[in-house]
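These are the residues of each chain, in order.
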Amino acid sequence: MLLNEYIENTLDTTSPVFADDALVGEVLAFMQKEGLECAPVLHDGLITAMVNLMDLLPLEQSKKTKGVRLCELKLEQAECIGLDEHIFDIFSRIRTFPSTLIPVSGQGGRYAGVMEKTILLERIAAIFHLGEEAVTLELDVPSFDLKLSEVIAALEKNDTTVLSFGMYPANPEGEGIVVTFRIQTYDLFRLVKNLEKYGYSIRYSSPSFKEKDDDMREKALEFIRLMEM
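These lines cover the structure that appears in this document, whether it is placed above or below.

Thresholds applied
- Think of each chain on its own: its residues are numbered from 1, step by step along the sequence as written.
- Given that the model is predicted, a residue must reach a pLDDT of at least 70 before its local features are reported, and side-chain atom pairs must reach 80 or more before they are shown or counted; all residues, however, enter totals for whole chains, interfaces and linings.
- Hydrogens and water are ignored here; the side-chain numbers use all heavy atoms of the structure.
- Throughout, exposure labels follow a simple rule: accessible area from a 1.4 Å probe, protein chains only, divided by the maximum for the residue type, with under 20% read as buried, over 50% as exposed, and the rest as partly exposed.
- For the purposes of this entry, the term helix denotes a DSSP run of H or I that reaches at least four residues, the term strand denotes a run of E that reaches at least two, and both are numbered from the N terminus.
- Arc definition: it is the arc formed by the directions from the helix axis to the C-beta atoms.
- In what follows, a contact means two residues having at least one pair of non-hydrogen atoms within 4.5 Å.
- By definition here, a salt bridge exists when the distance from a side-chain nitrogen of Lys or Arg to a carboxyl oxygen of Asp or Glu is within 4 Å.
- Cavities and pockets are defined on a 1 Å grid built over the protein atoms alone: a cavity is a set of grid points where a 1.4 Å probe fits but cannot escape, while a pocket is an open set with protein on both sides within 12 Å along at least five of seven lines, and lining residues are those with an atom within 4 Å of any such point.
- Grid points are joined across faces, edges and corners, and a volume is the space filled by probe spheres set on the points.
- Under the scheme applied, nonpolar residues are Ala, Val, Leu, Ile, Met, Phe, Trp, Tyr, Cys and Pro; charged residues are Asp, Glu, Lys and Arg; polar residues are all the others, including Gly.
- Pairing of aromatic side chains requires ring centres within 6.5 Å, counting the rings of Phe and Tyr and the six-membered ring of Trp. Pairs whose planes differ by under 30 degrees are stacked, by over 60 edge-to-face, and all others tilted.

1. Some points on helix α5 (residues 148-157)
Part 1 of the reasoning: Among all positions in α5, only L148, V151, I152, A154 and L155 are buried. With its buried residues spanning 155° around the axis, α5 presents them on a single face. Turned more than 90 degrees off the buried face of α5, the exposed positions are S149 and K157.
Part 2 of the reasoning: Structurally, α5 contributes buried residues whose contacts are with β7 (135-141), β8 (160-169), β9 (177-185) and α6 (188-197).
Part 3 of the reasoning: Residue D159 follows α5 closely and has a positive phi angle near 55°.

In structure tokens, the structure reads:
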């Protein structure tokens, strides 16, 4: 999904920005007055840096900052995201945005606004259905014998909807793959037991599977056996 496909209601075009020739004292006073944690710094409409309140506070009592401009502070070059980027590509660079706000560039790399980092993370969480409407199921499978279509078919055979999935190595040596599913199912307990019967190794299932009463679990298993006979 491209960023501009859903950013209309999340891009903040009114958040304060500062020109790189703005006086440090004036910028600090404004940020303190408005309660700003950070803000973009621009040069000719292009994003050059993000100024943070915590970086300026130590300079508040220094007379050396009188008449000093932002460009003289040698602020670290700011990363930005483009409206034509896919949100998954953006996520791989999320660590490069230390501030709570992420600057966004439009056509020609010109500043378009800012986005809250939490909004980006929430959107990715929604895509992978990481909310309460789904449960997690992890399977250990041999890397040489992985047929994802067969695994999904086994899940769907048990009245389960696969919402999203991901894979990662079971160990640093790369022997075996862990497949993590986000699913919807009306009976996770029955699903897990049937998968084990098919020969799948269950690495993890959401806590709703963990019954408190072992006796009740055995009775449920016996009932399932009777139904299947």
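2. Side note on the pattern of salt bridges
Oppositely charged side chains can form a pair if their charged atoms are brought close together.
Part 1 of the reasoning: Within the structure shown, the criterion is met by five salt bridges.
Part 2 of the reasoning: We note a salt bridge from R203 to E138, for which the minimum N-O separation is 3.7 Å. Within this pair, whereas R203 is found in strand β10 (residues 201-205), its partner E138 is found in strand β7, the two being separated by 65 residues in sequence.
Part 3 of the reasoning: Overall, R203 belongs to the partly exposed group, its relative accessible area being 39%.
Part 4 of the reasoning: Residues joined in a network through salt bridges with shared partners are E138, D140 and R203.

3. Some points on the layout of surface pockets
Part 1 of the reasoning: Of the volumes computed, that of the largest pocket is approximately 230 Å³.
Part 2 of the reasoning: What lines the largest pocket is a set of 15 residues, among which M50, E76, Q77, A78 and P98 lie closest to the centre.
Part 3 of the reasoning: At the level of elements, β3 (46-52) and β5 (101-105) are the ones that each hand at least two residues to the lining of the largest pocket.
Part 4 of the reasoning: At three residues, the largest contribution of residues to the lining of the largest pocket is made by β3.
Part 5 of the reasoning: In terms of residue class, the lining of the largest pocket is made up of eight nonpolar, four polar and three charged.

4. Things to note about the environment of G67
Part 1 of the reasoning: Structurally, G67 can be placed in the loop between α2 (53-56) and β4 (81-82).
Part 2 of the reasoning: Separated by 43 residues in the primary sequence, G67 and V24 place their C-alpha atoms 7.5 Å from one another.
Part 3 of the reasoning: Sequence-distant contacts of G67, that is, excluding residues within four places in its chain, are made with L23 and E72.

5. Regarding the packing of aromatic side chains
Part 1 of the reasoning: In the structure shown here, the tally under the stated rule is three aromatic pairs.
Part 2 of the reasoning: Aromatic side chains F88 and F128 sit 5.4 Å apart centroid to centroid with 25° between the ring planes, which places their arrangement in the stacked category. Remark: F128 occurs in the loop between α4 (117-127) and β7 and F88 occurs in helix α3 (residues 87-91); sequence separation between them is 40 residues.

6. Comments concerning the environment of L23
Part 1 of the reasoning: Relative to the assigned elements, L23 resides in the loop between β1 (18-19) and α1 (24-34).
Part 2 of the reasoning: According to the relative accessible area criterion, L23 is partly exposed, its value standing at 25%.
Part 3 of the reasoning: A C-alpha to C-alpha distance of 6.2 Å links L23 and G67, two positions 44 residues apart in sequence.
Part 4 of the reasoning: Look past the residues within four positions of L23 in its chain and what remains in contact with it is G67, V68 and R69.

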